[in-house]
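Single-letter residue listing:
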Amino acid sequence: MSILSNPQCNVSNATTGPLFIHADKLTGSIPFDRTWMGGLGRYRSFPAYDESRQIPTHLHVPDFLEVFEYSPPPCDSSADDEKLETLTKMGLAAQQIIDACFSGSEEYTADAVLFRNMNQVIETGEDFSGFWESCVEAGNWEWAEHYLFTIPDYRPKGGGKHVDVINTKLPDFALPCHNEMADAPNLPKKTGLYCLQDSKQGGETVLCKNSETSKYSVPLLQKMVKERGGLQQRRKFHDENNTNVDPRKINGLPKLQIDITHQSWQNKTGAETREDAIRFFVGAGLKEDDEVFFDEDGSLVIDYTISGFTENGDWSNNLQHTSLFTTFADGTKIPEKLLHQNRRDVWKGATAFKMRPGDFMLVNNRKIQHGRLPYSLDGPVRTMHAVYAN
């Protein structure tokens with residue numbers, strides 16, 4: 001009997017450890033406050049809201065998300081040695097479920113999995129790191145790090161090995177659905193989020209199938225991307241030691257009140273030498289000399305082409321985050337009207353649910369996109385741990 005044909009998910013024994021119970025799917029909907037769609041002040045994520053665009057008033061919870069409840073074994077896992085053993089067993093059990101769900105077999109197929117109540121054991125970033133390490137090693141998965149659009153100042157490290165800590169400084173920003181690192185040639189197959197602390201109000205996690213994004217996103221834009229050979233991304237990162245270069249001008253962009261568009265290559269990569277900075281982007285799949293190099297001013301340049309679509313032919317929608325640096329592959333500018341329309345229409349296929357402390361969600365990053373709704377800073381700071389694997 002497979003672990004998913006058994007309603008108790010038969011993963012609790014001397015080898016595999018704690019029990020995950022296959023729970024009912026989520027139900028209900030999330031009110032979709034569209035007032036921020038008129039533009040978010042300095043961020044301007046959306047153009048003026050247009051009733052004729054048929055944006056939903058509520059976002060349904062995702063019916064494609066399989067849910068499992070953690071049920072602790074009858075033992076004391078508070079001692080350090082026992083806790084480590086418990087985390088290892090939890091990782092192995094979760095890995096078995098994830099691989100079964102992602103296998104695409106006739107028996108069971110799911111591209112998004114949610115584990116709940118894990119904060120009975122996982123209380124810190126180090127705890128989560130131990131759990132995640134067990135998952136990766138048990139499944140013989142490959143480690144993956146977040147490369148191209150890691151923002152050190154906004155995504156501080158501290159969650160442990162291979163774990164990012166996300167407590168964003170942009171709470172009023174609605175993060176549209178996207179495949180993690182869709183801007184990189186080597187986007188990870190799996191991406192996960194662990195909720196250490198939820199927000200008092202808002203901050204719901206948004207999910208959308210890539211097939212739905214393809215259905216609702218602007219057909220003309222998708223057609224033009226294919227006809228013009230994909231998307232070309234070019235961006236410069238200044239040398240923080242070169243005072244003769246104005247970082248606000250090297251990319252030809254306006255100064256934003258957040259400086260994520262005007263980073264130095266030292267801040268972007270965490271490297272001190274040019275060699276290490278180049279190595280950072282080569283790790284994301286860029287080719288040295290052709291796609292990542294230094295110019296005469298000492299600025300690091302990335303210049304490369306991506307298709308704009310997943311390996312399944314679905315729209316990856318990476319323009320939600322990188323349109324400032326992106327043209328069609330033939331060098332022509334993407335019409336602003338199409339970009340604005342795409343930013344609205346992508347929400348038509350979105351679903352949402354509120355992650356609570358102890359929730360761990362893992363998605364197939366090449367089939368499921370994720371995002372986040374705005375949230376209030378009145379109360380605890382929303383804190384997530386993010387992980388990636390192949």
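Each remark here, short or long, concerns the structure printed above.
Let me sum up the structure you'll find in this document. This one's a predicted model, so the numbers in the text were calculated from it and none came from an experiment. Per chain, the residues get numbers from 1 upward, laid out in the order the sequence is written. Local features in a predicted model are, by the rule used here, given only for residues with pLDDT of at least 70; side-chain atom pairs are given and counted only at 80 or more, and totals for whole chains, interfaces and linings are based on all residues. In computing side-chain values, all of the structure's heavy atoms are included and hydrogens and water are not.

**Remarks on the packing of aromatic side chains**
Moving on, step 1. Working definition: a ring pair exists when centres of Phe, Tyr or Trp rings (six-membered ring for Trp) sit within 6.5 Å. Plane angles under 30 degrees give stacked, over 60 give edge-to-face, the rest tilted. Taken as a whole and assessed by the stated rule, the structure comprises 14 aromatic pairs.
Moving on, step 2. Their ring planes at 20° and their centres at 6.2 Å tell us that Phe-115 and Phe-360 sit as a pair that is stacked. Of this pair, Phe-115 sits in strand 5 (residues 112-116) while Phe-360 sits in strand 16 (residues 360-364); the two residues are 245 residues apart in sequence, bridging distant segments of the chain.
Moving on, step 3. Relative accessibility decides the category of a residue: with a 1.4 Å probe and only protein chains considered, values under 20% of the type maximum give buried, values over 50% give exposed, and everything between is partly exposed. Looking at Phe-360, the relative accessible area reads 0%, which means it is buried.
Moving on, step 4. Between the aromatic rings of Phe-128 and Tyr-194, the centroid separation amounts to 5.0 Å while the plane-to-plane angle is 15°, which identifies the pairing as stacked. Only DSSP runs of H or I covering at least 4 residues are called helices, and only runs of E covering at least 2 are called strands; the numbering of each starts at the N terminus.

**As for unusual backbone geometry**
Moving on, step 1. Its identity as a non-glycine residue notwithstanding, Asn-117 has a phi of 65°, on the positive side.
Moving on, step 2. Inspection of the secondary structure assignment puts Asn-117 in the loop between strand 5 and helix 2 (125-138).
Moving on, step 3. Classification of Asn-117 as partly exposed rests on a relative accessible area of 24%.
Moving on, step 4. In this structure, Asn-140 takes a positive phi of about 55° despite not being glycine.
Moving on, step 5. One can find Asn-140 in the loop between helix 2 and strand 6 (143-144).

**Considerations on the sheet that holds strand 12 (residues 292-294)**
Moving on, step 1. Read from one edge to the other, the open sheet built from four strands follows the order 12-13-11-14, with strand pairing classed as antiparallel. Every other strand in the sheet has two partners, leaving strand 12 and strand 14 (326-328) as the edge strands with one partner each. In this sheet, neighbouring strand axes are inclined to one another by 20° on average, regardless of whether the strands run parallel or antiparallel.
Moving on, step 2. On top of the sheet, helix 6 (residues 274-282) reaches strand 11 (231-237), strand 12 and strand 13 (300-306); it is set at about 160° to strand 12, its chief contact. Strands were regarded as paired on the criterion that DSSP finds at least two bridges between them. Fitted lines through C-alpha atoms serve as axes, helices being fitted only where they are in contact, and the angles separating the N-to-C directions of these axes extend from 0 to 180 degrees. In this description, contact between two residues means that some pair of their heavy atoms is separated by no more than 4.5 Å.

**Looking at the sheet that holds strand 15 (residues 351-353)**
Moving on, step 1. Read from one edge of the open sheet, four strands run 8-17-10-15, paired in antiparallel fashion. Sheet topology places strand 8 (175-178) and strand 15 at the edges, where each strand pairs with a single neighbour. Between one strand and the next, the sheet's axes are offset by a mean angle of 20°, whatever the strand orientation.
Moving on, step 2. For strand 10 (residues 205-209) and strand 15, the ladder comprises three bridges, and the chain directions are antiparallel.

**As for the environment of Gly-285**
Moving on, step 1. Within the secondary structure layout, Gly-285 lies in the loop between helix 6 and strand 12.
Moving on, step 2. Apart from residues no more than four positions distant in its own chain, Gly-285 is found in contact with Pro-185, Asn-186 and Glu-291.

**Examining the nonpolar core**
Moving on, step 1. The nonpolar core is taken to be a set of buried Ala, Val, Leu, Ile, Met, Phe, Trp, Tyr and Cys residues, with the residues joined through side-chain atoms within 4.5 Å. Among the nonpolar cores identified, the biggest contains 29 residues, and Phe-20, Phe-115, Met-118, Phe-131, Trp-132 and Phe-360 are the most heavily contacted of them.
Moving on, step 2. Counting residues per element, the ones that place at least two in this core are strand 4 (65-71), helix 1 (80-102), strand 5, helix 2, strand 16 and strand 18 (383-389).
Moving on, step 3. Among the elements that take part in this core, helix 1 stands out by supplying eight residues, more than any other.
Moving on, step 4. Here Met-118 is in contact with Phe-20, Tyr-70, Met-90, Phe-131, Tyr-194, Gly-358 and Phe-360, once residues within four sequence places are set aside.

**Observations regarding the pattern of salt bridges**
Pairing between side chains becomes possible if they bear opposite charge and their charged atoms approach one another.
Moving on, step 1. By definition here, a salt bridge exists when the distance from a side-chain nitrogen of Lys or Arg to a carboxyl oxygen of Asp or Glu is within 4 Å. Inspection of the entire model under this criterion finds 15 salt bridges.
Moving on, step 2. Where Arg-356 meets Glu-69, a salt bridge forms, and the shortest distance between an N and an O atom there is 3.9 Å. On the criterion of sequence distance, the pair formed by Arg-356 in the loop between strand 15 and strand 16 and Glu-69 in strand 4 is long-range, its members being 287 residues apart.
Moving on, step 3. Taking relative accessible area as the criterion, Arg-356 reaches 34% and is therefore assigned partly exposed.
Moving on, step 4. Across the pair Lys-83 and Asp-127 runs a salt bridge whose closest N-O atoms are separated by 2.9 Å. A residue pair is termed long-range when its members are at least 10 positions apart, and Lys-83 in helix 1 and Asp-127 in helix 2 qualify at 44 residues. By the burial criterion, Lys-83 is buried, and Asp-127 matches it.

**A short note on the environment of Thr-191**
Moving on, step 1. Tracing the backbone through its elements, the reader meets Thr-191 in strand 9 (residues 190-197).
Moving on, step 2. Placed 171 residues apart in sequence, Thr-191 and Leu-362 show a C-alpha to C-alpha distance of 5.8 Å.
Moving on, step 3. If sequence neighbours within four positions are ignored, Thr-191 has contacts with Glu-180, Met-361, Leu-362, Val-363, Asn-365, His-370, Val-387 and Tyr-388.
Moving on, step 4. At 3.5 Å, the side chain of Thr-191 forms a polar contact with the backbone oxygen of Val-387. Pairs of N or O atoms within 3.5 Å make up the polar contacts considered here, provided that, within protein, one atom can donate a hydrogen while the other can accept it, and that residues adjacent in sequence are counted only when both atoms are side-chain atoms.

**Structural notes on a negative patch on the surface**
Moving on, step 1. Residues Glu-275, Glu-288, Asp-289 and Asp-290 make up a contiguous surface patch of negative charge.
Moving on, step 2. Along the chain, the position of Asp-290 falls in the loop between helix 6 and strand 12. Like-charged residues within 9 Å of one another, or nonpolar side chains (Val, Leu, Ile, Met, Phe, Trp, Tyr) within 5 Å, are grouped into patches, provided each residue has over 30% relative accessible area and no salt bridge. Every accessible area reported is derived by Shrake-Rupley at a probe size of 1.4 Å, with residue values counting cover from the shown protein chains alone. Neither His nor the chain ends contribute to the count of charged residues, in which Lys and Arg are positive and Asp and Glu negative. Here the site of a charge means atom NZ of a Lys, CZ of an Arg, CG of an Asp or CD of a Glu.

**Quick look at empty space enclosed by the protein**
Moving on, step 1. Think of a 1 Å grid over just the protein atoms. A cavity is a set of points where a 1.4 Å probe fits yet cannot get out, a pocket is an open set with protein on both sides within 12 Å along at least five of seven lines, and lining residues have an atom within 4 Å of a point. Grid points are joined across faces, edges and corners, and a volume is the space filled by probe spheres set on the points. This model, assessed by the stated rule, comprises one cavity of 30 Å³ or more.
Moving on, step 2. Roughly 30 Å³ of volume is contained in the largest cavity.
Moving on, step 3. Thr-191, Gly-192, Leu-193, Met-361, Val-363 and His-370 are the residues that line the largest cavity.
Moving on, step 4. For the lining of the largest cavity, the elements supplying multiple residues, two or more each, are strand 9 and strand 16.
Moving on, step 5. With three residues, strand 9 is the single largest residue contributor to the lining of the largest cavity.

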